[in-house]
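Letter by letter, the chains look like this.
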Amino acid sequence: MSGTLFIVATPIGNLEDITYRAVATLREADVIACEDTRHTRTLLERYGITKPLKSYHDHNERERAPELLAELEQGGNVALVSDAGTPLMADPGYRLVHAAIERGIRVSPVPGPTAAPAALSASGLGVDAFVFAGFLPAKATQRRREMERWREARATLIFYEAPHRILEALEDAGAVYGERPVVVAREMTKVHEEFLRGTAGEVRAELAGRPSVKGEFVILVGWAEQAAATEETLEEEVARREAAGMPRMEAIKQAAKARGIGKREAYRELAGAGRTGRRGAGQQSGGQTSG
Ligand code: SAM
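Worth saying up front: this structure is predicted, and the values here are computed from it rather than measured.

1. A few points about the domain arrangement of the protein chain
Okay, so step 1: Domains assigned within the protein chain are domain 1 (4-113) and domain 2 (116-227).
Okay, so step 2: With centres defined by C-alpha atoms, the gap from domain 1 to domain 2 works out at 29 Å.
Okay, so step 3: On the domain 2 side, the residues contacting the 6 residues of domain 1 number 8 residues.
Okay, so step 4: When domain 1 packs against domain 2, close to 530 Å² is buried across both sides, 70% of that on carbon and sulfur atoms.
Okay, so step 5: In terms of surface lost to domain 2, no three residues of domain 1 exceed Ile12, Met89 and Ala90, which account for 74% of the buried area on that side.
Okay, so step 6: For the interface between domain 1 and domain 2, the tally reads 0 salt bridges.
Okay, so step 7: For the pair domain 1 and domain 2, the interface holds 1 residue pair in polar contact (both at pLDDT 80 or more).
Okay, so step 8: Classifying every residue of the side of domain 1 that touches domain 2 gives 3 nonpolar, 2 polar and 1 charged.

What follows is the structure, given as structure tokens:
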């Protein structure tokens, strides 16, 4: 019987962000396939694991995949890791997973850190629907085209970007997304973790004013309706929708969705606002940068 290909998520910065199951899977695997053997060895040393490592990265995927598939077909268990986070998420592994599935080999995820949902969870932007678009293209024309491709999506957009292109990317984001709320998550789980919030222009200006722009970045863009929702209270938005002919329950559902909050939270907020007249929670603080 063939072995299992485990897709193991590892930390995106803080070495303690790893699950018990990930450590156990790495300890028990026959082979660990990784991008950079030195990088993965540091993680393994932290958990006292000594295992044969096989490098598996963008430039040797084609040659390495057959060797790993042979190991699996002989009954060995292979753990695939990347330098950070979840393999295949803007990282190598697709070819191996695809080939393993075609051969009837079991592929099993060992979930854990990934930069995109981590950034989303702390961004304050809507989470009901999101698009993870991976790395933005390096060339300006293609980058803008990629940003435009997602402009009408009713979802929070998530892009990965390299530090040496972050200012250019934010400039393009300003041109394409205008005043929509933008969050830049930098160095998550590390010493210099920060979240910069504002419009693309504001966040860009904040970063451009620094002596150097370093670290790892995720760019998130709220969607147009979310941005509009920041201008009015939940009560006002529900009233506007009702005035436009929408039944109240539907108006509440839509307004909640636009703010990235649940229906029950919206009902609770409306009940509270009725009593206190306060502005609703779940509103974005667009226009501010903080770090
Ligand atoms: N597989 C990883 C994952 O699960 O998120 C992503 C690997 S990809 C090669 C590296 C990119 O992910 C970085 O350029 C950055 O955009 C994002 N990233 C990874 N770690 C991060 C962190 N600690 N803080 C912010 N962004 C991070």
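2. Quick look at the packing of aromatic side chains
Okay, so step 1: Under the criterion given, the structure shown has 2 aromatic pairs.
Okay, so step 2: Cation over ring: arginine 46 sits above tyrosine 47, and NZ or CZ is 5.0 Å from the ring centre.

3. Quick word on the sheet that holds strand E2 (residues 31-34)
Okay, so step 1: With parallel pairing, the 5 strands of this open sheet are ordered in space as E3-E2-E4-E1-E5. Of all the strands in the sheet, just strand E3 (53-55) and strand E5 (106-110) have a single pairing partner and so form its edges. For this sheet, the mean inter-axis angle between neighbouring strands, taken without regard to orientation, is 25 degrees.
Okay, so step 2: Docked against the sheet, helix H2 (residues 37-46) engages E2 and E3, running at close to 150 degrees with respect to E3.
Okay, so step 3: Contacting strand E1 (4-8), E2, E3 and strand E4 (78-80), helix H3 (residues 61-73) crosses the sheet at an angle of about 150 degrees to E3.

4. Thoughts on the pairing of strand E8 (residues 182-186)
Within a regular strand, the side chains alternate between the two sheet faces.
Okay, so step 1: Burial of E8 is extensive: 5 of the 5 residues sit out of reach of the surface.
Okay, so step 2: What you see with E8 is no split at all: Val182, Val184 and Arg186 on one side and Val183 and Ala185 on the other are buried throughout.
Okay, so step 3: By the bridge criterion, 5 bridges tie E8 to strand E9 (residues 194-198) in an arrangement that is antiparallel. By the bridge assignment, valine 184 is partnered in E9 with leucine 196.
Okay, so step 4: By the bridge criterion, 5 bridges tie E8 to strand E10 (residues 217-221) in an arrangement that is antiparallel. When the sheet's bridge partners are listed, alanine 185 is paired in E10 with valine 218.

5. Quick notes on the site of the ligand
Okay, so step 1: Around the ligand sit 19 residues, and of these Thr86, Asp91, Ala115, Tyr160 and Phe217 come closest.
Okay, so step 2: Separating an oxygen atom of the ligand from a backbone N or O atom of threonine 86 is a distance of 2.8 Å.
Okay, so step 3: When the free accessible area of the ligand is taken as 570 Å², the share hidden by the protein chains comes to 92%.
Okay, so step 4: At the level of elements, strand E7 (156-161) and E10 are the ones that each hand at least two residues to the shell around the ligand.
Okay, so step 5: Of the residues assigned to the shell around the ligand, the class counts are 11 nonpolar, 3 polar and 5 charged.
Okay, so step 6: Built from parts of two domains, the shell around the ligand gets at least three residues from each of domain 1 (4-113) and domain 2 (116-227).

Reading the values: the criteria
- Residues numbered from 1 in each chain as written.
- Predicted model: local features only at pLDDT ≥ 70, side-chain atom pairs only at ≥ 80, totals over all residues.
- Heavy atoms only, no water.
- Domains from an automatic or database assignment.
- Contact = heavy atoms within 4.5 Å.
- Buried area = accessible area lost by both parts, 1.4 Å probe.
- Salt bridge = Lys/Arg side-chain N within 4 Å of Asp/Glu carboxyl O.
- Polar contact = N/O pair within 3.5 Å; in protein donor to acceptor, adjacent residues only side chain to side chain.
- Nonpolar A, V, L, I, M, F, W, Y, C, P; charged D, E, K, R; others polar.
- Phe/Tyr/Trp six-rings, centres within 6.5 Å; stacked < 30°, edge-to-face > 60°.
- Lys NZ or Arg CZ within 6 Å of the ring centre and 35° of its normal.
- Pairing = 2+ DSSP bridges.
- Helix = DSSP H or I, 4+ residues; strand = E, 2+ residues; numbered from the N terminus.
- Axes fitted to C-alpha atoms, helices over the stretch in contact; angles between N-to-C directions.
- Buried < 20%, exposed > 50% of the residue type's maximum accessible area, 1.4 Å probe, protein only.
- Near = heavy atom within 4 Å.
- Areas by Shrake-Rupley, 256 points an atom, 1.4 Å probe, with all protein chains shown as cover.

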